[in-house]
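Structural overview
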Amino acid sequence: MSTETTEPDAEPSAHTGIRSLHDWQLELISHHDRPVMTANGPTETGTNAGERDVTVRFHQGRTWIYKVWQSDRGTDRFHLYTPVTGNIHEISREEADVLRSADWEAVSASDISRLMSLVVPFEESGWRFPELPADARVDTPRVRVLMLNPTEQCNIRCTYCYYGGAYSETRPHQTASPQADMVKAAIDLFVTGEEKLESAPRAVYFFGGEPLLAFDELQKAVLALEERKREVGARLENLVLQVNSNGMLLTPKIVDFLVEHDIYLNISIDGPNHDRYRIDRRGKGTHDRVRERTDWLAENWPDYFSSRVALICVLSAPLDAANLYRYFSEWPTAHRALAWDFDLLLPGGDQSYSDFEQIFNEQRRVWDIFVRSHGRPHGERERSGRYHFAFSHGFLHRSFHRVLNQPGREGGARLGHLLGMQLVPGNEYLVLGSDGTLYSSYEYQSPEFAVGHTDRGVDPVAGVEQLAMFRDAVQASSCATCWAAPMCTVTVPEAPFRRADSAESVMDKLTTKRARCMSERENLQQALRARVDIEDEYGDEALEGHRDDWRRQQTEVARVDPFYA
């Protein structure tokens, strides 16, 4: 198999005008990112990375894709998720054993016929994801989210930071800041597109580095945004301004400005694991300083704290759900904040599965708290500290909403959306780099995610080519036979394959992708289990609050991407 990367770029596709991956790259992806397959007579079965049960089966010329699990709450209850239809079925232990088995030599035709009616196999060899539409060029960007970094300098050195040297294809820690004219040009891109988005929710986020290290620049950017809105008469009715900070530099002057301009503030505090990862330049923990400033803010600006301040916790190994719950439930200030947001830092893709297993076991404890909380009425549940803790986990609410509110499907291999795609890269989401480069990813501010420059605006093709390469890699990979594909939230930055990648680079990205896929399947499996357990124990009405939340999101958030379904 050839792995040469010196050939010139191929001509763009005649259909879309967009370049994609080389054939040898697709072959490499297909060979190394696929289920482990076992042939047994007329049947070939496969298991995905991190899973032990059969989830894909090729039998008599048809493809069967499904997920089977045993209920935690009913020892002899088994369920089947059929992604082709989006349905969940209760099945017998015998049917579960057959679907999990690699050997179908002894399975009767009538049993196979019964299972076929539930699983709905199809003729194709795997899912067919949508092609890019012929008019995919982003000639007039619709910027819904703009991310500004007033400075790339930071007063601490979190060891898991994207800019701390721990990840490939990210910028290193540095002290650069964008020039004022670059910030104004990015703001102009954002504001002048307002009429195209009507009253859609929109946001300007301030990250870094630590944005409060450059508070003067942050202040100027906010004032420039307000001035530009007045100049063009932009309404921006649902605009959110938000600062993400470690909180250590908060002063009365800074807080008064945030309050005056109605700016949301996210403060990062990692609870019991904080000092393990969030250290200063001397290697010392920062927990006490962050917590002191957070307490000070809540005490002196209580209304602002309760309406505009969220506490952000990165979940990291070793994950201890009980200890994490005690930390936040026993901290009075935390209960006064607008929101909590816990999200996962995955172990590196080359680590052993036992690292993931430890995290997954703790995540299951959170899912169990979530399920049990549905014994209360919706309003009472919303006020419950345990429910608040559980539903504040990003992996949980993302997966559960996908499972509960997935659209019905009529069968067949063709899917109407491309995994986690909601925004076309370089269209609705832009990040301003310190040199004026515009990126489609906050995490990966590298040339392969560049989509333009403030001097020239957004390149109409760059982001779409990123999407095209993602799409082709997904079609060539294990995604094509994964039971979780119709609900998957894996996005372009998590599988960032490029034409310029060497064979070694492709393999490194495959390792990272497989780790992300393992986590995604685990979360969706737990979401399926939780949905069934809630319905069984508390009735379908216990899920209505979640359906109402989803309906509200659907009406409040503009969806313009052709890959969303």
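Notes on the structure follow.

About the criteria used
- Residues numbered from 1 in each chain as written.
- Predicted model: local features only at pLDDT ≥ 70, side-chain atom pairs only at ≥ 80, totals over all residues.
- Heavy atoms only, no water.
- Helix = DSSP H or I, 4+ residues; strand = E, 2+ residues; numbered from the N terminus.
- Expected span 1.5 Å × (residues − 1).
- Buried < 20%, exposed > 50% of the residue type's maximum accessible area, 1.4 Å probe, protein only.
- Arc of directions from axis to C-beta.
- Contact = heavy atoms within 4.5 Å.
- Pairing = 2+ DSSP bridges.
- Axes fitted to C-alpha atoms, helices over the stretch in contact; angles between N-to-C directions.
- Disulfide = S-S within 2.5 Å.
- Salt bridge = Lys/Arg side-chain N within 4 Å of Asp/Glu carboxyl O.
- Parallel < 35°, antiparallel > 145°, perpendicular 65-115°, else oblique.
- Left-handed = near helix turned anticlockwise from the far one by under 90°.
- Nonpolar A, V, L, I, M, F, W, Y, C, P; charged D, E, K, R; others polar.
- Core = buried A, V, L, I, M, F, W, Y, C linked by side-chain atoms within 4.5 Å.

1. Points about helix α16 (residues 394-405)
Across its twelve residues, α16 extends 17 Å between first and last C-alpha, which sits within 8% of the 16 Å expected from 1.5 Å per residue. The element α16 is largely enclosed, with a buried count of ten among its twelve residues. Restricting attention to buried positions, one finds in α16 the residues G394, F395, L396, S399, F400, H401, R402, V403, L404 and N405.

2. Side note on the environment of V464
Structurally, the position occupied by V464 is in helix α17 (residues 462-476). What makes V464 buried here is its relative accessible area of 1%. With 80 residues separating them in the primary sequence, V464 and E544 have C-alpha atoms 38 Å apart.

3. Quick word on helix α7 (residues 252-260)
When we look at burial in α7, the residues that qualify are I254, V255, F257 and L258. Buried positions in α7, seen along its axis, are confined to an arc of 160° and lie on one side of it. When the buried face of α7 is taken as reference, the exposed residues oriented beyond 90 degrees from it are K253 and E260. Contacts made by the buried residues of α7 are with α6 (215-232), β10 (239-245), β11 (264-268), α9 (287-300) and α10 (302-308). One or two steps after α7, the chain reaches D262, where phi turns positive at roughly 55°.

4. Considerations on the sheet that holds strand β6 (residues 78-82)
Spatial ordering of the open sheet is given by β5-β6-β7, a layout of three strands whose pairing is antiparallel. A single partner strand is all that each edge strand has here, and the edge strands are β5 (67-70) and β7 (87-91). Strand-to-strand twist of the sheet, defined as the mean angle between neighbouring strand axes without regard to direction, takes the value 25°. Pairing analysis gives four bridges linking β5 to β6, with the strands arranged antiparallel. Bridge pairing in β6 links W69 to H79.

5. Considering the sheet that holds strand β13 (residues 339-344)
In spatial order, the strands read β13-β12-β11-β10-β9-β8-β14-β15-β16-β17; together these ten strands make up an open sheet with mixed pairing. With one partner strand each, in any of the chains shown, β13 and β17 (457-458) form the two edges of the open sheet. Relative to strand β12 (residues 309-315), β11 is paired through four bridges, and the arrangement is parallel. Note that in β12 the partner of L265 across the bridge is V309. Strand contacts of α16: β12 and β13, with the helix running at about 85° to β13, the strand carrying the most contacts.

6. Let's talk about the state of the cysteines
Within this structure, the stated rule accounts for zero disulfides. Considering cysteine sulfurs only, C154 is the nearest to C158, which forms no disulfide, with 6.2 Å between them. C161 carries a free sulfur, and the closest cysteine sulfur to it, the one in C158, is 6.2 Å from it. Overall, C161 belongs to the partly exposed group, its relative accessible area being 28%.

7. Focus on unusual backbone geometry
Between G208 and the following residue, G209, the backbone shows a cis peptide bond with an omega angle of 5°. Summarising the element assignment, G209 is placed in the loop between β9 (202-206) and α6. Of note, the bond from A317 into P318 is cis; its omega dihedral lies within 30 degrees of zero at -5°. Locating P318 in the fold gives a position in the loop between β12 and α11 (321-329). With phi around 50°, Q60 is a residue other than glycine that occupies positive phi space.

8. Quick word on the pattern of salt bridges
Following the criterion strictly, the structure yields 33 salt bridges and no others. Put simply, R137 and D139 hold a salt bridge, and the shortest N to O gap is 3.0 Å. In this structure, E448 and K509 form a salt bridge, with 3.3 Å as the shortest nitrogen-oxygen distance. Within this pair, whereas E448 is found in the loop between β15 (437-439) and β16 (450-453), its partner K509 is found in helix α18 (residues 503-538), the two being separated by 61 residues in sequence.

9. Some words on the packing of helix α1 (residues 23-32) against α18
Contact pair α1 / α18: the axes reach a minimum separation of 10 Å and the direction vectors enclose 40°. Taken together, α1 and α18 sit at an angle that is classed as oblique. As for how α1 packs across α18, the hand of that crossing is right-handed. Only A503, V506, M507, L510 and R514 of α18 make contact with α1, whose side of the interface consists of W24, Q25, L28, I29 and H32. Counted by class, the contact of α1 with α18 contains seven nonpolar, two polar and one charged residues.

10. Quick word on the nonpolar core
Taken as a class, soluble globular proteins show a tendency for nonpolar side chains to be buried jointly. Ranked by internal contacts, the top residues of the largest apolar core, which has 148 residues, are L148, L297 and F328. Among the elements that line this core, the one with the most residues is α18, at eleven residues. For F328, the residues in contact, after removing those within four places along its chain, are I269, G271, L311, C313, A334, H335, W340 and F342. Counting residues in hydrophobic clusters, the runner-up holds 16 residues, among them V54, F78, W104 and L118.

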